[in-house]
Amino acid sequence: MQDALGSLGISAINQALGKNGRGITFPAPIMRDGPGWRAEVDLPLGVTVSEVLEKRDKLASGLRRALGCVWPEPVSEEHPGRLVVWVGDQEVRKARQPTWPLLKSGQVSLFEAIPYGSDQRGRPVSILLMFANVLIGSMPRYGKTFALRVLLLACALDPLSELRLFELKGTGDLSALEKVAHHYAKGATDAAKAACVASLAEVYGELDRRAEVIDRLPRHQAPEFKVTPELAARRDLGLHPMVIAIDECQELFADDEYGEEAAKYATAIIKRGPALGIILILATQRPDKDSLPVCRFKGPARPEARRGSGMIWTAPWCRSWAEATVQPAEAA
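Residues numbered from 1 in each chain as written. Predicted model: local features only at pLDDT ≥ 70, side-chain atom pairs only at ≥ 80, totals over all residues. Heavy atoms only, no water.

## So, the overall build of the protein chain
Right, on to step 1. Broken down by element type, the protein chain carries 9 helices and 12 strands.
Right, on to step 2. In the protein chain, 64% of the contacts between residues at least 6 apart in sequence involve partners at least 24 apart.
Right, on to step 3. Only carbon and sulfur atoms are counted for the fraction: they give 51% of the accessible area of the protein chain, which is about 15900 Å². (Helix = DSSP H or I, 4+ residues; strand = E, 2+ residues; numbered from the N terminus. Contact = heavy atoms within 4.5 Å. Areas by Shrake-Rupley, 256 points an atom, 1.4 Å probe, with all protein chains shown as cover.)

Next comes the structure, spelled out in structure tokens:
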């Protein structure tokens, strides 16, 4: 591990490892951790974990392991120089994922975190969808729709949820959910796009209705001016969770006839929907300004499939960057 860190070309590390240097310390022994090995390192004074993260490929080279096996990360509760390097027995893309906990039975509440998949170390990953919007992006054929389908299957297991699903590729990837969807359309046809815009228009109108309902409630029932599980369960209020999912959304937003109107509705839903119990999920292979509503997505729930570099990524207008992978549950 010391040799690998010394190969990164970070001068402060080289000085620490050199003659009369203070060296690199290991606060805990290197040990087995799940399907791999874990090393905890105190980097030299002034060196931060982010400097090592930027050189992950060189670290993998120094360890003589495949890039998909080597995962450095910070220790959030410690100082910025505390590094954990986890080295897997096999590349993350080859590792079998655990069975999805909801595969055969179960019920969820969208107000609670739902099981989604596992990270590169095989640790369970859950996602809280309520009060957030989701963007899923990837190269074609790298799991974008697969990632979307896991989320929607979980949403369907909330008895209060209303699903509006639009699969604009047309291959039927979401057809298993058609029977439980309030609205459903597939294909890149004008009819499917028109149906999607019409559904978005309904949800756009729902924004004002829901806001008025919450405003009229006694403050003790909505102290934070947003939907709660108790309010969602009241059928007379119509504040149940609503999930709108558009797969291959670039087909809609880049369309000359429907794109501008769809972007208007989607932008309003992104901005105002989360507090009102409305969740928008977009999946695309083209995360650019012409294929998406130009608006910052709210919340941390941005699962994204593999791109060319193999890293998880976020569209520039989301203004964040993730340095880890999250894999959807295999069995879903």
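Moving on, there is more to tell.
## Side note on helix α5 (residues 144–156)
Right, on to step 1. Relative to the 18 Å expected for 13 residues at 1.5 Å per residue, α5 spans 19 Å between its end C-alpha atoms, a close match to the ideal helical length.
Right, on to step 2. Three or more residues of α5 are buried, namely K144, T145, A147, L148, V150, L151, L152, A154 and C155. (Expected span 1.5 Å × (residues − 1). Buried < 20%, exposed > 50% of the residue type's maximum accessible area, 1.4 Å probe, protein only.)

## Remarks on the sheet that holds strand β4 (residues 82–88)
Right, on to step 1. Ordered by their spatial adjacency, 4 strands build an open sheet running β1-β2-β4-β3, and the pairing between neighbours is antiparallel. With one partner strand each, in any of the chains shown, β1 (31–32) and β3 (70–74) form the two edges of the open sheet.
Right, on to step 2. Pairing of β1 with strand β2 (residues 36–42) involves 2 bridges; the strand directions are antiparallel. Following the sheet pairing, R32 is matched in β2 by W37.
Right, on to step 3. Across the face of the sheet, helix α4 (residues 56–63) comes into contact with β3 and β4 while running at roughly 125 degrees to β3. (Pairing = 2+ DSSP bridges. Axes fitted to C-alpha atoms, helices over the stretch in contact; angles between N-to-C directions.)

## Considering the nonpolar core
Right, on to step 1. Counting 67 residues, the largest nonpolar core has L129, L152, L200, L252 and I281 as its most contacted members.
Right, on to step 2. Residues contacting L252, with those up to four places away along its chain left out, are L168, K193, C196, V197, L200, I246, Y258, G259 and A262. (Core = buried A, V, L, I, M, F, W, Y, C linked by side-chain atoms within 4.5 Å.)

## Considerations on the packing of aromatic side chains
Right, on to step 1. According to the stated counting rule, one finds 2 aromatic pairs in the structure shown.
Right, on to step 2. Between Y204 and Y265 the ring centres are 5.1 Å apart and the planes differ by 45 degrees, which places this aromatic pair in the tilted class. Of this pair, Y204 sits in helix α6 (residues 190–216) while Y265 is found in helix α9 (residues 259–272), placing the two residues 61 residues apart along the sequence.
Right, on to step 3. For Y204, a relative accessible area of 30% translates into the label partly exposed.
Right, on to step 4. For Y265, a relative accessible area of 10% translates into the label buried.
Right, on to step 5. One residue, R56, lies across the ring of W71, its end atom 3.9 Å from the ring centre.
Right, on to step 6. Geometry around F131 places K226 over its ring, the cationic atom sitting 4.3 Å from the centre. (Phe/Tyr/Trp six-rings, centres within 6.5 Å; stacked < 30°, edge-to-face > 60°. Lys NZ or Arg CZ within 6 Å of the ring centre and 35° of its normal.)

## A closer look at the packing of α6 against α9
Right, on to step 1. Closest axis-to-axis distance for the α6/α9 pair is 9 Å, and the angle between their directions is 35 degrees. Between α6 and α9 lies a crossing of left-handed hand. Where α6 approaches α9, its residues V197, L200, A201, V203, Y204, L207, D208 and A211 are matched on the opposing element by E261, A262, K264, Y265, A268, I269 and R272.
Right, on to step 2. Split by residue class, the contact of α6 with α9 holds 11 nonpolar, no polar and 4 charged. (Left-handed = near helix turned anticlockwise from the far one by under 90°. Nonpolar A, V, L, I, M, F, W, Y, C, P; charged D, E, K, R; others polar.)

## Side note on the pattern of salt bridges
Right, on to step 1. On inspection of all chains with the given rule, the structure shows 21 salt bridges.
Right, on to step 2. Taking the shortest distance from any N to any O, the salt bridge between E78 and R82 comes out at 3.9 Å.
Right, on to step 3. Classification of R82 by relative accessible area gives buried; the value is 11%.
Right, on to step 4. Notably, a salt bridge pairs E162 with R164, separated by 2.8 Å at the nearest N-O pair.
Right, on to step 5. Classification of E162 as buried rests on a relative accessible area of 12%.
Right, on to step 6. Accessibility expressed as a relative area gives 5% for R164, which makes it buried.
Right, on to step 7. Through salt bridges that share partners, D33, E73, D119, R121 and R123 make up one connected network. (Salt bridge = Lys/Arg side-chain N within 4 Å of Asp/Glu carboxyl O.)

## So, the confidence of the model for the protein chain
Right, on to step 1. Confidence in the prediction for the protein chain averages 87 pLDDT; 88% of positions are at 70 or higher.
Right, on to step 2. In the model, residues 296–302 has pLDDT below 50 throughout and makes 27 contacts with residues more than four positions away in sequence or in other chains.
Right, on to step 3. Within the model, the stretch residues 304–326 combines pLDDT values under 50 with 58 contacts to residues more than four positions away or in other chains. (pLDDT = per-residue confidence, 0-100.)

## Notes on unusual backbone geometry
Right, on to step 1. In this structure, R64 is a non-glycine residue whose phi angle is positive, near 60 degrees.
Right, on to step 2. Even without glycine at this site, E248 takes up a positive phi of about 55 degrees.
Right, on to step 3. Its location among the elements puts E248 in the loop between β10 (242–247) and α8 (250–253).

## Notes on the environment of I281
Right, on to step 1. You can see I281 is positioned in strand β11 (residues 278–284).
Right, on to step 2. With relative accessibility at 0%, the residue I281 sits in the buried group.
Right, on to step 3. Counting along the chain gives 148 residues from I281 to N133, while the straight-line C-alpha distance between them is 5.9 Å.
Right, on to step 4. If we ignore the near neighbours within four places in the chain, the residues touching I281 are V134, I136, L148, L152, V243, I244, A245 and I246.

## A look at the sheet that holds strand β8 (residues 162–167)
Right, on to step 1. Spatially, β7-β11-β10-β8-β9 is the arrangement adopted by the 5 strands of the open sheet, whose pairing is parallel. At either end of the open sheet lies a strand with only one pairing partner, and these are β7 (134–137) and β9 (183–186). Across the sheet, the mean angle from the axis of one strand to that of its neighbour is 10 degrees, orientation sign disregarded.
Right, on to step 2. Of the pairings in the sheet, the one linking β8 to β9 comprises 4 bridges and is parallel in character. Looking at the pairing, F166 lines up with A185 of β9.

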